[in-house]
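Structural features, examined
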Amino acid sequence: MSDDGGDRTAFRHLGRKRRTKEDIRFVKGQGRYVADINLPGMLHLALLTSPHPSALITATEAADALATDGVAAVLFGDELAAATAPLMNAVDTPNVACYPLAAGEVRYAGEWVAAVAATSRHIAEDAVELLGVDYQPRPFVLDAEAALDPGSPPVHAAHGGNVLYRHTFNWGDVDGGFRTAAHQLAFRAAWGRSATVPIETFGVVAQWHDAQGLLEIWASIQMPSYPEQIAAALHLPVNAVRVHYDVDVGGSYGVKRGIKHTVLAGYLARKLGRPVRLIEDRLENMIGGDAHGPERLFDVEVAFGDDGLIAALRLRALEDVGAHTGRAPFQLGKPVGAIVGPYTIGAVRYEAICVSTNKTGQIAVRGFGQSPTNFALETAIDKVARHLGRDRLEVRKRNFIRKEQFPYRIPSGSEYDSGDYRTVLDKAVELADLPELLARRDELREQGLLAGIGIATCLEPGGGNSS
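Computed from a predicted model, the values in this text were never measured in an experiment.

Rules of the game
- Residues numbered from 1 in each chain as written.
- Predicted model: local features only at pLDDT ≥ 70, side-chain atom pairs only at ≥ 80, totals over all residues.
- Heavy atoms only, no water.
- Phe/Tyr/Trp six-rings, centres within 6.5 Å; stacked < 30°, edge-to-face > 60°.
- Lys NZ or Arg CZ within 6 Å of the ring centre and 35° of its normal.
- Salt bridge = Lys/Arg side-chain N within 4 Å of Asp/Glu carboxyl O.
- Helix = DSSP H or I, 4+ residues; strand = E, 2+ residues; numbered from the N terminus.
- Buried < 20%, exposed > 50% of the residue type's maximum accessible area, 1.4 Å probe, protein only.
- Pairing = 2+ DSSP bridges.
- Axes fitted to C-alpha atoms, helices over the stretch in contact; angles between N-to-C directions.
- Contact = heavy atoms within 4.5 Å.

**Some words on the packing of aromatic side chains**
Across all of its chains, the model carries 7 aromatic pairs by this definition. Members of the aromatic cluster, joined through ring pairs, are Tyr343, Phe400, Phe406 and Tyr421. Positioned over the ring face of Trp208 is Arg270, at 4.5 Å from the centre of the ring. The ring of Phe187 carries the charged tip of Lys383 above its face, separated from the ring centre by 5.4 Å.

**With respect to the pattern of salt bridges**
For the structure on display, the rule yields 31 salt bridges. With its nearest N and O atoms 3.3 Å apart, the salt bridge here joins Arg314 to Glu301. Taken as a pair, Arg314 in strand β14 (residues 310-322) and Glu301 in strand β13 (residues 296-304) lie far apart in primary sequence, 13 residues in all. Across the salt bridge formed by Arg402 and Glu404, the nearest N and O atoms sit 2.8 Å from each other. Given the relative accessible area of 39%, Arg402 is considered partly exposed. Note on Glu404: relative accessible area 56%, which makes it exposed. Bridged by salt links that share partners, the residues Arg121, Glu125, Asp281 and Glu284 form one connected network.

**Quick notes on the sheet that holds strand β4 (residues 105-106)**
One open sheet accounts for 3 strands, arranged β4-β2-β6; its pairing is antiparallel. Whereas interior strands pair on both sides, the edge strands pair on one side only; in this sheet they are β4 and β6 (132-137). Note: strand β2 (residues 55-61) against β4, 2 bridges, orientation antiparallel. Across the sheet, the residue bridging to Ala55 is Val106, located in β4.

**A few points about the sheet that holds strand β8 (residues 183-191)**
If you walk across this open sheet you meet the 5 strands as β7-β15-β14-β13-β8, and the pairing is mixed. Edge positions in the sheet fall to β7 (163-171) and β8, since each of these pairs with one other strand and no more. Averaged over all pairs of adjacent strands, the angle between strand axes in this sheet comes to 10°, irrespective of strand direction. Strand direction decides the pairing type here: β7 and strand β15 (residues 347-356), joined by 8 bridges, are antiparallel. Bridging across to β15, Asn170 finds its partner in Arg349.

**Focus on helix α7 (residues 226-233)**
Given 3.6 residues per helical turn, the α-helix brings residues three or four places apart onto the same face. Of all 8 residues that make up α7, 6 are buried, and the element is covered over most of its length. Every buried residue of α7 is accounted for by Tyr226, Pro227, Gln229, Ile230, Ala231 and Ala233. Buried residues along α7 sit against β9 (203-209), β10 (214-219), β11 (241-244) and α8 (259-272). Two residues or fewer after α7 comes His235, characterised by a positive phi angle close to 55°.

**Points about unusual backbone geometry**
A negative phi holds for most residues other than glycine; trans holds for most peptide bonds. In this model, Phe406 is joined to Pro407 through a cis peptide bond whose omega is -5°. With respect to the helices and strands, the residue Pro407 is situated in the loop between α11 (392-399) and β16 (408-409). With phi around 55°, Ser225 is a residue other than glycine that occupies positive phi space. Relative to the helices and strands, Ser225 is located in the loop between β10 and α7. Judged by relative accessible area, Ser225 falls into the partly exposed class, the value being 36%. A positive phi angle, near 55°, is found at Asp433, a position not held by glycine.

Written as structure tokens, this is what we have:
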């Protein structure tokens, strides 16, 4: 029992500092990573990547690489695509197929074109340089707005265009809110693409057991439904994929998915009857691995009164997912659960658009989806405050859902169970000593330096139904 008489036994871990369990073995150098998995007869993979953002593959040649001592196999995309199913796609676009290796054409600079399996990584890397590939470069598109144009070069010609998903959600009387509001603002906010840099790149070891019909996997994964996706791509029953989950991840930020890495290694392990290991080097990770985060353009319109209260919001989000979709379109779905953040905005129109371009595909980074939308919302609040000449903290507090209003249902249907956003903001301002920060900012500006203080009062859904 607590001092106030309440029973807190069900919450004994909340708000308490706890020592992590894995520190000692990491400090002692006793972690167990994919690079520590050494199996008898194991082969190592190196990758040939595309120098072009868009090109047809007109010819391939592997004789010199295969003649190199220690090289066991060379694999090109056509063979792999014929033997496997396309990797999972987050939207219903059956003519947008993705395989671990480019089949017939490349769609972004850095896309994997071929893999060499050899007795060591350095032998495989040397053999990659002996591979011959003839390319016929084609027009490409790198800008999301340009990709919206039906006349833009198609990333996936069979799909018939670059728009993968487009839907407009309307919640509340948006147009009415704009008609009656005293003020309106419109602006564009750009959330730039980023690349994560985990301590360890992705690695996987695959071993095929022919007698049992079993694929055994050691990988630095951090994702759900991993064995299911591997099994589906390799045409195996789910119970024929055994994953060892005791391998240390080495940092993730949500990007340790490695589906294409594992399908590639698993296919070769089965074909060659030997264990196969693939560990990205840093360049492979950053240009062709699962490392890129969202790239999104927001066109925002906001309607508000003289008091700074926001009545309605129009939000268009244009997502550039790159050449292969993966789970990227889900990033447009998650913000639905908190589309107005902590604010009492009563009406919202949300247009979500997802397009392909000839860039590296992006993936779910750091809980994906909500952060760019938060950026657009917070920018809107700041612009409203600046337009009215009001304090940005004051405008936030005016628009906050008040604690007595909970549980509170936002226009998109999510119900917030509790909160006291004003108190949280006041505590943050106090802890940060905002007056001191402002004085320091002004001092730096007087020295000719660029200095500013950002304020954001965001919500982050703990989960979300992206369907």
